[in-house]
Amino acid sequence: MKENLELEFHEVIKEASMIHENTSYSPVIQELTPKQYKAIKVKNRIKYVLKIINYLIMITVGLTFLYPFLWMLVMSLRSYNDAISFNPSLILTEAHWGNYVQAWKKAKMGKYLGNSVIYAVLVLGLQYFFIVPSAYAFARMEFKGNKALFWIKQIGMMLPGEATFIPIYFLYSKIGLIDSWTGLILPSLVSMFGIYMFMNHFKTIPNEIVESAKLDKAGHFKIMLKIMVPMIFPVFVTHFLLTFISNWNSYYWVMVMTNTEKLKTLPVAVRGLLRVEGVVPEWQIVMAGNVIQLAPILLMYIFGSSQMKRAMIGGRKIKFANEKEPLLKRAFKKVSRKFRSVEEKNKYI
Amino acid sequence: MSNSKFINQNEISEIRVEINNALKNIKNNFLEKENFRRRFYFEHEEELKQYKQQKDLYLAHAKNIKFEVKELFNKAKLKNKKQLDDLEIDYKFELEEIKQTKKLSLEEITLTERKVLKEIDNQLTLLNIEKKTLEQQKRPNLYQETKALEDKIDRLYLKKEAAKRNYKANVIHKNALLHEQKVPFLERIKKMKQIKAELKAIKVNEINNIKTETINLKAEIKKLQNEVYPDYAKDLAKINERIKNLENKKEDFAIKFKNHYETEKVRLEKEYNESLNKLNTLYNEEKSKINNNYALKLEQLQKENSKEILKQRKEEFYLLHKNNKAKYKELKKVIKSLEKQYKEDTKQFIKLKNDEKKLNHKIIKDNENILKSQKHLLNEKLKNMEDMRNKIINEIIIVSKEQLNLEVNKKELINNYKNFKEKNNYEKLVPLFDNYDKLVIENNEIIAIYNCLVNEKELIYEDKRSVNRILIDQKVTKRLKNVNTAYFFIAPAVFGALVFTVLPLVFMLVGAFFSIDATNLGRSQFVGFTNFYDIFMFDTQFQKSLVNTLIYALITIGLLSIVTLSMAAWLNRSTKVHNAVQTMVFTPHIASLVAISILWIALLSPQGIINQLLKVFGIEGPLWLLQENTSLLSVSMVTVWKDIGYYVLLIIAGLQGIPAYVYEAAKLDKAKKSTTFFKITVPLLAPTLSFVFVNKFINSFKVFAPIEIMTNGGPMGSSTVLSYWIYKAGRIGFNYGQAMAGAIILTILITIFTVLNHKVFKREIQY
């Protein structure tokens, strides 16, 4: 109601200013006749109805994006006879949890899941040892070829992995890196994207802090670890999420650079479920495999959607309504509040 | 100096010199032998290399025979296919000609029929028009005659209305009169009832009269209408007869035409069938000829390349390889023997060195032992000497005592002293003292020699250590002092840039002009632009894929840019509902491409949900992924569906980044909404828009996973994209040169579009 009243007020002022255009510097507020007042009321009601209709349309549009995932979940719990008919309803009569077991056994999910986890953990654990120092050097140190990074990144963007895989494959086969963890990990350990991202954030830190540290005779390594890294900690979170998702979903690189099934990851395994030749694929099992593959990322998305969204668009600034703080921070605050309350009580005692 | 008794330093040095000379000789021998070995290696290196290369060559030839035969077979197959295709095209062309002649002849017949029928129809229509005119001219003055009567009816109607009005007026008038006369209420009502009944009777009478009159008048009008001029019936009959005749004619013609048409049709069909049979026989004959030729060729090829011949060819190469091998083995034997000799020599050398060390140790120890023994001797001698000296001193003391005793008698004493001096041979003591001095000096010398030896030993060890240290320090310091520490920091980045961008680019640019051997890169040959030429002229798959990528990119980018911009403008607020919708729209972007493409295979299958939904609206949906027209479009729709959320969020972030005071300033200047949009939001959004467009272009050009999973290049190659073609040619077909040429074309496409994007969005922004 308050908003409506304010709107009315603004409109009235507008009309008044329109009437007194020649003397627009001294706006005169006219008193409303009952007719005008009624007209304004009707307008506001129409606006309200339109707002509701707009919301309804928006929600339907949003559901078109969400519906397939829900349908996938329902499909994965159907029996074979129900699954063939592609019934679009989301209601389940019986839940067949055996589909998941079957999918697990058929595609050797245990092995491939382990491979995916190892791949993700290796990359996430090792990458910062290589990325952060080089980003720091590009941002803060002086040497020849300081500006080459931008051009190399640009060339790397224009050279897609789909075009360059043949030379890299040759090189790997000469060195013997095909079908090995090091070969799989290497490009993401020294990715230009991550270095560029960290460099941009290192550059935002004011130069005075670094200079004061230098006056205290701190070396480059100390400045990097004790001043710069703590200051841009949120970037680590976004980069961590981004790399985890891209590694978990990576399909082309793993498929191209492995010949045997020793190192293949989950997406390749799920693809293998679909590739039963000559037979119609058993959709309920395929969907179960799909759900297993999607589950960790979707769970992460459910619990930290705003964080994930912010990370996926490269840590740009964006406002979300009613945004919750991240889980760890909340827990920390709760604990600290409790301690504080105990201290306060103790004070009065 | 009595050196003969003690150890001789010169002797030790002589022995050393001898040993050293022997060692030098041995060393020289060793070095000569090594030099000989090295020379031998150097002379025979090229031979060894040649042998290795030849071995590889022969083995590769033996392997490649199979591929060559396969290529021959493929060529024969391709020729056969081309011939068959040409035949089919000719056959279809002739078939269409025959069909068209048949159609045209039938159409001519029908056209003549239609002309005749049209003429008859025209006559019929003319007759009908005459009939109508006759009907209209039944009574020419009817209107003028009936008009008076109709006027009368109108007047009667007016009279009727007037009567009704009179009745009402009279009632009111009478009521008023009664009111004036002040008649009481109940009486007035009674009177009014009477008066009303009287007036109603009068009115009803009048109306009835009028009704009867009007009925009469209407009957008269009907009579007038029904009356007809005298020759009307005859004329009508004549016209009807003519119409009947014409219709009969028409029916007769139709029956005749039907018969004629059927006979003609049968005749034409017979002709058509004959010509068809002829064509078919001709086609089959030619087909069989081509097939026979193909079969003959295949037989020939099989005869030429039968397993035995292949084996023979292989064996030839293997024989060559064996000869080569024998030579190679001989050389290797010689080298091995040389190496054995070298090993033995080295062993001997090491032994000698050890011996030298042992000798050195022995000499030092011997020296030490000798020195110790001599020290003992010297000590004993010294003791003896000291004893002697003591004795002499005692004697001197005794003498001096006697002197003191003899002091009293000076003269006597002097005499005695003189006598005593003469008696005790003082001169005999001098050599003894001399001896003592000599012994001391000798002892000192021996000790000095011993110290020298010890020092030498230590010096040898120290020299070795110091030399090593100095060498290492020089190496490290020289390199480390000149290098900036930054280069250690950026080492991984440099490594990544070199291995994953620069090297592949260079290799790609070079390799596209070679025909590459995967087994041995050294054997690949320079072929110039033939890879590109082959791709563009002969590889239909590549041409299709190139066109498809462009189409795919245009579809996705057009759809995305329209949908995302409008959605971003629509969802750009931060209420709860807006936020929830944003999260919903963003979900597909987080899921992997594999999962989403598998999901959409299910959704787009012929009995899938989307076709069910279309059925509700009464549309029969296409086969989507299994149909040539729609496969690429459906894949692009899926990717668009996936990417909408991402780009919408990006644009929303860009919109939120525009400061609010800009809009306020525009409001103060009373700018319209459209002008604010085009002159403020779009230029301020330019950086984000450029990022978005570049991303879209690159992503749409390198699309791979959805196409690989959903269509596998599609029915009849309708959805092969460049990246998929490269993967097929390079990874599966092992046709590396052509694949790299394709990759270069892909990169060129991407660079062109990115540069265009940068030029479009490159405006300096200031606010």
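Residues numbered from 1 in each chain as written. Chains lettered and ligands numbered in written order. Predicted model: local features only at pLDDT ≥ 70, side-chain atom pairs only at ≥ 80, totals over all residues. Heavy atoms only, no water.

**Considering the overall build of chain B**
Link 1 in the chain: Each helix and strand counted, chain B has 20 helices and 2 strands in total.
Link 2 in the chain: Burial statistics for chain B: of 767 residues in total, 33% are counted as buried.
Link 3 in the chain: Counting only contacts in chain B whose residues sit at least 6 apart along the sequence, the fraction spanning at least 24 positions is 77%.
Link 4 in the chain: Of the roughly 52,900 Å² of accessible surface on chain B, 57% is carried by carbon and sulfur atoms. (Helix = DSSP H or I, 4+ residues; strand = E, 2+ residues; numbered from the N terminus. Buried < 20%, exposed > 50% of the residue type's maximum accessible area, 1.4 Å probe, protein only. Contact = heavy atoms within 4.5 Å. Areas by Shrake-Rupley, 256 points an atom, 1.4 Å probe, with all protein chains shown as cover.)

**Remarks on the pattern of salt bridges**
Link 1 in the chain: Per the counting criterion, the structure on display carries 6 salt bridges over all chains.
Link 2 in the chain: Between Lys-106 of chain A and Glu-282 of chain A there is a salt bridge; the shortest N-O distance is 3.3 Å. Of the two residues, Lys-106 of chain A is situated in helix 4 (residues 98–106) and Glu-282 of chain A in the loop between helix 14 (266–274) and helix 15 (283–303); the sequence distance between them amounts to 176 residues.
Link 3 in the chain: Assessed through its relative accessible area of 49%, Lys-106 of chain A is described here as partly exposed.
Link 4 in the chain: One salt-bridge network, held together by shared partners, links Glu-264, Arg-267 and Glu-271 of chain B. (Salt bridge = Lys/Arg side-chain N within 4 Å of Asp/Glu carboxyl O.)

**A look at the packing of aromatic side chains**
Residue and element names in this part refer to chain B.
Link 1 in the chain: Tallied over the entire structure, the rule returns 43 aromatic pairs over all chains.
Link 2 in the chain: Arranged with centres 5.2 Å apart and planes meeting at 70°, the rings of Trp-600 and Trp-641 form a pair that is edge-to-face. Of this pair, Trp-600 sits in helix 13 (residues 593–603) while Trp-641 sits in helix 15 (residues 631–657), and the two are 41 residues apart along the sequence. Like Trp-600, the residue Trp-641 is buried in the burial classification. (Phe/Tyr/Trp six-rings, centres within 6.5 Å; stacked < 30°, edge-to-face > 60°.)

**A closer look at a positive patch on the surface**
Residues and elements named next belong to chain B.
Link 1 in the chain: Together, Lys-52, Lys-55, Lys-322, Lys-325, Lys-329, Lys-332, Lys-333, Lys-336, Lys-340, Lys-343, Lys-347 and Lys-351 make up a positively charged patch on the protein surface.
Link 2 in the chain: Broken down by secondary-structure element, the contributors of at least two residues to the positive patch are helix 1 (9–136) and helix 5 (307–405).
Link 3 in the chain: The greatest single-element share of the positive patch, amounting to 10 residues, is contributed by helix 5.
Link 4 in the chain: Take Lys-329: it is sitting in helix 5.
Link 5 in the chain: Taking relative accessible area as the criterion, Lys-329 reaches 52% and is therefore assigned exposed. (Patch = residues over 30% accessible without salt bridge, like charges linked within 9 Å, V, L, I, M, F, W, Y side chains within 5 Å. Lys, Arg positive; Asp, Glu negative; His and termini not counted. Charge placed at Lys NZ, Arg CZ, Asp CG, Glu CD.)

**Concerning the environment of Ser-592 of chain B**
Link 1 in the chain: Note that Ser-592 of chain B resides in the loop between helix 12 (576–590) and helix 13.
Link 2 in the chain: Along the backbone, Ser-592 of chain B and Ala-705 of chain B are 113 residues apart, and their C-alpha atoms lie at a distance of 9.8 Å.
Link 3 in the chain: Leave out the neighbours within four places in its chain, and Ser-592 of chain B touches Asn-249, Gln-293 and Leu-294 of chain A.

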